[in-house]
Structure formats: structure tokens, C-alpha cells
Amino acid sequence: MKTLVCIECPRGCKLEVTRREGKILVSGNRCPRGQGYAERELVNPSRTLTTTVKTSFADFPLLPVRTDGEVPLDSIPALMERINTVQVSRRLLPGDVVMPQLPGTHVALIATAAMTALDTPASGE
Amino acid sequence: MSSMESWDVIVIGAGPAGLAAALAAHGAGARVCIVEREVRPGGILKQCIHDGFGLVRFEQKLSGPEYAWHDIRAVRDAGIQLYTDTFLLQLEREEGFVLTLQNKERAVFQLKARALVAATGCRERTSRQVFIYGQRPAGVYTAGTVQRLINIQGYLPGRRCVILGSGDIGLIMARRLTLEGAEVVGVYEIKAEPSGLSRNIVQCLEDYNIPLHLAQTVTAVHGSERVEGVSICRVGPDLRPIPGTEEYIPCDTLILSVGLIPENDILRPLGVELDRRTGGPRVDQRLHSNVPGLFSCGNALHVNDLVDYVSESGETAGKAAAEFALGGRKTPQRVPLLARGNIQYVVPQYLDLEHNAPAVIYFRGECTLSRVEMHLLSGEKVLMRRRYAVIRPPEMERVVLNPAELTESNEIIISLGG
């Protein structure tokens, strides 16, 4: 038996996880997401990666970004190295794609903040 | 001063609470504007680039800027006037409220409002407010400052960091510093249990093998120009350092994550009544303070652990401020809501018996308690009872009281017991 803390939401349920006959049995979860989390955590722990990339704009030197899906936890250091080589030279909005596919994954890197001033007509919404 | 620009409602602060308040006031038919001291709206969410925001409100895991963007766009689309880069110098009360402000376009100018929503957020407890010996070398930061340096400005504040306090921002920054190539030697927490959420212990510390040391604290900072190291010590149950357990940890940076304090200094001249436990104004369920027309919400009211509830309180305050400004000035009939057995604090601190909408009540336990029952009592009458498998002080609890339950009484008491 293994104990996990579910990280799907701030409640942080304590999960008790047992493997029996090829199945993963979970208890302690207060919602169905706990089951999915425990299954993924045992097989391939993965996380959403959030970080920043450089921009070419003095008034907005860093753009916050995230992966638009989860990536394997152990791939994160290599992904950080790759992401740190990126520089954004267009004004982006949340959801705009920064990198269409991160190497070795099926997920994109997307902008999470608006680089435009509020009164500028926004593009790409 | 008859030509003074006049509004039904003015919201101070364009963070999540202020944005929600302005949208709700606008939705209720009030003419509303927002004043914000920073260049961009969004408040602290601008620098909270990690995800996990919006699970309650949007059922999605958003990053802070994405969560803010939802409301920023709505404020823009509603055409709500937003004065950014505008500093509030003074607040006075005369037939409503007069705000003296300063910005680049208008220099010093005044605005008038019938009702005011204070959504000024909170600030961090600093090294001056925790007791640490030593000189004052460079390299001592609060966690929020580190977050701003790394995420907004692009500076790494140190290479080898010690984090004091296990608050959520400190845990989030432990991960962030590691991702950006700094070494986090450890997180030291004076109490016997972490003060941040369990999920952050897992995804910020355990994921990156960062040790968490409980019942230990920093007792001295070493170095003259720059931090060279810190002394850490074990503490007893009385939280005092145990002699002989001192250990020297070489590091170039000490980061404090030791708590947040609601920021309400600007309201003092109005004679607002503050709650010593929350640090925010004492309010009724419409978040109306003792000053008629002054409403409070978000982290200025009390420090929340989820932004979703910050937005919720902003909506409540904004709607109530609009109703006040537009003439629904029924005199509140308030009875105190008192925090008793095992309750650290409760918001609101009053219940207005005249108000017939569901009342949202937030409370925190004083310590970790298993299998307890919350009781809401009006005299002998039980208004509400609810069982909890566990109550932890870092996790705020929220219940909704049906107004039909409210009856005439002198006081209402909330408590936790076996």
C-alpha cells in the first residue's frame, strides 16, 4: 500500500493506494479525480509546467507560459533548458501558442498573460 | 468642488477582488470606476504564474495571469473606467467619499463616490516582524519579492537559498527557484506542521527533493555585505530555540514566507473598525463595514487561501455597494457573530437581520482537529451544524446560511467541538 496526497485541487485528499490483480484501488479521495490522479501518479507522474520566456519588449520583459497539458515530471529539467532558449517578439494574449510542440511530448507551450495594453484592440481572441 | 468627477461606486484596487467588485457594481446598475496604483490590472495574480487557480469558479486549473485575464477582459468589455498607475493619497468622508489621487495625466486630482469598495489586498510580513538576529546584509527577501524579481523582472535573487516559513508562496518559490537553476537548501518551519497546503508540499518540495524541516527556525543571519549563511535551531513545543541544537547553513539568500497582513492603513482616517484577528474591517454579510457606504473584500478583508473566494467576496461587496449608492439604504440591524471554541476567526463579524439573501460565512480553525462539528447558535437555537472529517488552519472553511434561519437575537455564536 502506498499513501499519496492528491494534488488535483486544494483540498489535498490523503489517498491510500493498493495494487490488486493488476488494478489500482484508491480510497480516501473525496471526488473521482483522485482515482485518475493516483493511477497516473503510480505509472507516470506528470505535471503542468509553468514558467516564463524572454520577450523583446522592454515594458514586458518576461511572458508567463504553461504547457497546455501535463508533461512527465522527469522531463521537466530538459524542457526548461529548451524553453529558456525561446524569445517572443510578438505581443501575445493568453492561449496564444509560443511553441506548437515541446520536444518529446504532445503538448504545446502557450502564453498565459496579455502583453497588450488594455485599450489596444486585442488580436487573436 | 461641485465640478468634481463623481461616481456611484469607486473600487480601490484592480486585483481579483476589485475587478469582481467593479463588475458586480456595474451589473447592478451603478456607475463605477476602479483606481489602481500599478500600471497593469490583475494585482498579485500577475506574478503568480503557477497553475491551480479557478478550480472552484471555472472548474479549470488556470495560472494566475489567466485567471485575472478573465475579469480584466470583462471589465474592458463592460467599458468600466480603470485608472491605472494612479496612487491614492488621501481618503475623506463628506457626503460620501472624496478620494485625492495622483497620476501622470492629471497630476493631483479628486474623485467623489457615494460608496467605496476597499480591495487593497494584503502585504507580506517582513524580517522586521519576525525576530532574527544579525546584521542586515543584502540577500534577505520576502517570498513575494522573490516571485516578482523572477517572474516579472527576470532576476534570480540568489544561488543558494534557505526559505524560512512554509507558507504557500514560499513553497511555490522553492520550486520556481529550483526550475531556474538556484539551489534551495531547505524550507524551515517553526511550527510542528506545515502552514501551506498539502498539495504544495507534494508538488513544490517532494517533486524536487527539497527538504522540509519542521519545528526548526532561523535564529541568526551571517554576513556583512551579502548573506553568507544562517544559523538554524530546533525549537521546543513553546516555539523557543533549544540551546545546543544550533547549526550553521552556508547560503547567499534567506527568503521569508512568514505570513500576510491585510492592508487597510488608508482607511484609518474614516474611523473603520478593524478585527484584531483578521486584520481587516469588521463587516456584515454584505461586507459592509461600520462606516456607512464603505465595503471591504478580498485579502484586505481577511487573508484567503483561494482566489475563487476572493472573487466571490468582491462580487458580494460590489453588488452591496451599488445597492447602497443607488438608494437601498435600509438601516442594517446587526447582531454580532462571535468566534468561540476552536475558531480562529470568522467573517463576517456581524449578521444583518434585515438582509434576506443567503449569507456566506468563512472561518478558520485554531488548530488541526479531527472529526469535529461546527455549530452556529443563536441563543438556544441551532442555526446550522456541520461535521468535518478534519479542520486545518491553512484551509479556510465556507458555509452558507439560509436567511430564513435567522431570528431576532442578541448574538450568534460559531464554535467547533467534538
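Residues numbered from 1 in each chain as written. Chains lettered and ligands numbered in written order. Predicted model: local features only at pLDDT ≥ 70, side-chain atom pairs only at ≥ 80, totals over all residues.

**Student:** How should the overall build of chain B be read in this particular structure?
**Tutor:** Summing up its helical and strand segments, chain B has 6 helices and 28 strands in all. Its C-alpha atoms give chain B a radius of gyration of 22 Å, near enough to 22 Å, the size a compact globule of 418 residues would have. For chain B, the spread of C-alpha atoms along the principal axes amounts to about 65 × 60 × 40 Å. Within the span of chain B, comprising 418 residues, buried residues form 50% of the whole. The long-range fraction of contacts in chain B, counting pairs at least 24 apart against all pairs at least 6 apart in sequence, stands at 65%. (Helix = DSSP H or I, 4+ residues; strand = E, 2+ residues; numbered from the N terminus. Rg over C-alpha atoms; globule rule 2.2 N^0.38 Å. Buried ≥ 20, exposed ≤ 12 C-beta atoms within 10 Å, placed from the backbone. Contact = placed C-beta atoms within 7 Å.)

**Student:** Can you walk me through the overall build of chain A in this structure?
**Tutor:** Looking only at helices and strands, one finds 2 helices and 10 strands in chain A. Starting at the N terminus, the α and β elements of chain A follow one another as β-β-β-α-β-β-β-β-α-β-β-β. Expected size for 125 residues packed as a compact globule is a radius of gyration near 14 Å; at 19 Å, chain A overshoots this value by more than 25%. By its C-alpha atoms, chain A is 55 × 30 × 20 Å across when sized along the principal axes. Residues counted as buried form 29% of the 125 residues belonging to chain A. Long-range contacts, defined here as pairs at least 24 residues apart, represent 42% of the contacts in chain A between residues at least 6 apart.

**Student:** How do you make sense of unusual backbone geometry when you look at a structure like this?
**Tutor:** When glycine is set aside, most residues are seen to have a negative phi, and most peptide bonds are trans. Residue and element names in this part refer to chain B. In this structure, proline 348 follows valine 347 across a cis peptide bond, with omega equal to 5°. Checked against the element boundaries, proline 348 lands in the loop between strand 22 (343-347) and strand 23 (350-352). Residue glutamate 95 is not a glycine yet carries a positive backbone phi of 45°. Summarising the element assignment, glutamate 95 is placed in the loop between strand 6 (87-93) and strand 7 (97-103). With 7 C-beta atoms packed within 10 Å, glutamate 95 lands in the exposed category. The phi dihedral of leucine 239 is positive, around 65°, even though this residue is not glycine.

**Student:** Can you walk me through helix 4 (residues 168-179) of chain B in this structure?
**Tutor:** Note: α-helices contain 3.6 residues per turn, so residues at a spacing of three or four share the same orientation. Residues and elements named next belong to chain B. Over its 12 residues, helix 4 runs 17 Å from end to end, which matches the ideal 16 Å to within 8%, given 1.5 Å per residue. For helix 4, the tally of buried residues reaches 12 of 12 residues, placing the bulk of the element in the interior. Glycine 181, located one to two residues past helix 4, shows a positive phi value of around 100°. (Expected span 1.5 Å × (residues − 1).)

**Student:** I tried to follow the sheet that holds strand 12 (residues 160-164) of chain B on my own but got confused; where do I start?
**Tutor:** Hydrogen bonding along the main chain pairs the strands of a sheet, whether they run parallel or antiparallel. Residues and elements named next belong to chain B. Taken in spatial order, the 5 strands make up an open sheet running 11-18-12-13-14, and their pairing is parallel. What marks the edges here is a single partner per strand, and that holds for strand 11 (140-142) and strand 14 (212-214). When strand polarity is set aside, the average angle formed by the axes of neighbouring strands in this sheet is 20°. Summarising the sheet, strand 12 and strand 18 (residues 253-256) pair through 4 bridges and their orientation is parallel. Across the sheet, isoleucine 163 pairs through a bridge with isoleucine 255, a residue of strand 18. Relative to the sheet, helix 4 contacts strand 12, strand 13 (183-189) and strand 18, its axis offset from that of strand 13 by approximately 170°. (Pairing = 2+ DSSP bridges. Axes fitted to C-alpha atoms, helices over the stretch in contact; angles between N-to-C directions.)

**Student:** What should I look at first to understand the sheet that holds strand 10 (residues 109-111) of chain A in this one?
**Tutor:** All names here are of chain A. With respect to topology, 5 strands assemble into an open sheet ordered 8-5-6-10-9, the strand pairing being mixed. If you trace the sheet from one side to the other, it starts and ends with strand 8 (87-88) and strand 9 (97-99), each paired once. As paired strands, strand 5 (residues 50-55) and strand 8 are joined by 2 bridges and run parallel to one another. Paired with lysine 54 across the strands is glutamine 87, a residue of strand 8.

**Student:** Sorry, what's going on with the interface of chain B and chain A here?
**Tutor:** With 25 residues of chain B at the interface, the matching set in chain A holds 21 residues. Elements with a minimum of two residues in the side of chain B that touches chain A: helix 2 (64-77), helix 3 (143-153) and helix 5 (198-205) of chain B. For the side of chain B that touches chain A, the element with the highest residue contribution is helix 2 of chain B, accounting for 5 residues. Looking at the side of chain B that touches chain A, its residues break down into 11 nonpolar, 7 polar and 7 charged. (Nonpolar A, V, L, I, M, F, W, Y, C, P; charged D, E, K, R; others polar.)

**Student:** Which parts of the structure should I look at to understand helix 6 (residues 307-325) of chain B?
**Tutor:** Residue and element names in this part refer to chain B. Over its 19 residues, helix 6 extends 27 Å from the first C-alpha to the last, a length consistent with the 27 Å expected when each residue adds 1.5 Å. Of all the 19 residues making up helix 6, 17 are buried; the element is thus mostly covered by neighbouring parts of the structure. Glycine 327 sits one or two residues past helix 6 and shows a positive phi near 110°.

**Student:** Before we go on, may I ask you to explain the packing of helix 1 (residues 16-27) of chain B against helix 6 of chain B in this structure?
**Tutor:** All names here are of chain B. Remark: helix 1 packs on helix 6, axes separated minimally by 7 Å, with the N-to-C direction vectors making an angle of 35°. When you trace helix 1 past helix 6, the crossing you get is right-handed. Contact with helix 1, carried on its side by Pro16, Ala17, Gly18, Leu19, Ala20, Ala21, Ala22, Leu23, Ala24 and Ala25, involves Val307, Val310, Ser311, Ser313, Gly314, Glu315, Ala317, Gly318, Lys319, Ala321 and Ala322 of helix 6 and no other residues of that element. Each residue belonging to the contact of helix 1 with helix 6 can be placed in one class, and the counts come to 14 nonpolar, 5 polar and 2 charged. (Left-handed = near helix turned anticlockwise from the far one by under 90°.)

**Student:** Whenever I open this one, the nonpolar core confuses me. Can you help?
**Tutor:** One recurring pattern in soluble globular proteins: nonpolar side chains tend to sit buried together. All names here are of chain B. Grouped together as the largest cluster of nonpolar side chains are 98 residues, with contacts concentrated most on Val9, Ile10, Ala21, Val117 and Ala321. Of all the elements, helix 6 adds the most residues to this core, at 9 residues. Non-local contacts of valine 9, meaning those with residues more than four positions away in its chain, are made with Ala25, Ala30, Val32, Ala113, Ala115, Val117, Ala321, Ala322 and Ala325. (Core = buried A, V, L, I, M, F, W, Y, C linked by C-beta atoms within 7 Å.)

**Student:** Whenever I open this one, the domain arrangement of chain A confuses me. Can you help?
**Tutor:** Note: interface size is frequently given as the accessible area lost on complex formation between the parts. The domain boundaries assigned to chain A delineate domain 1 (2-43) and domain 2 (50-111). With centres defined by C-alpha atoms, the gap from domain 1 of chain A to domain 2 of chain A works out at 29 Å. (Domains from an automatic or database assignment.)

**Student:** Before we go on, may I ask you to explain the domain arrangement of chain B in this structure?
**Tutor:** All names here are of chain B. You can read the domains of chain B as domain 1 (1-124 + 260-329), domain 2 (126-258) and domain 3 (333-418). The distance between the C-alpha centroids of domain 1 and domain 2 comes to 32 Å. Opposite the 6 residues of domain 1 that make contact, domain 2 presents 9 residues. Among the residues forming the side of domain 1 that touches domain 2, the class breakdown is 1 nonpolar, 2 polar and 3 charged.

**Student:** Looking at this structure, how should I read the pairing of strand 15 (residues 216-222) of chain B?
**Tutor:** In the case of a regular strand, side chains alternate between the two sheet surfaces. Residue and element names in this part refer to chain B. Pairing of strand 10 (residues 133-134) with strand 15, which is carried by 2 bridges, proceeds in the parallel orientation. Paired with glycine 134 across the two strands is valine 221, which belongs to strand 15. In terms of strand pairing, strand 15 meets strand 16 (residues 229-234) through 6 bridges, oriented antiparallel. Counted as the bridge partner of histidine 222 is glycine 229 from strand 16.

**Student:** Whenever I open this one, the environment of serine 296 of chain B confuses me. Can you help?
**Tutor:** All names here are of chain B. When you line up the elements, serine 296 lands in strand 20 (residues 294-296). Taking the C-alpha atoms as reference, serine 296 lies 4.9 Å from alanine 118; in sequence the two are 178 residues apart. Among all residues touching serine 296, those that are not within four sequence positions of it are Ala118, Gly280, Pro281, Val283, Leu287, Ser289, Leu301 and Ala317.

**Student:** I'm lost on the environment of asparagine 410 of chain B in this one. Help?
**Tutor:** Residue and element names in this part refer to chain B. Relative to the helices and strands, asparagine 410 is located in the loop between strand 27 (397-401) and strand 28 (412-417). Since 8 C-beta atoms lie within 10 Å of it, asparagine 410 is described here as exposed. Note: C-alpha distance between asparagine 410 and glycine 379 (31 residues apart in sequence) is 7.9 Å.

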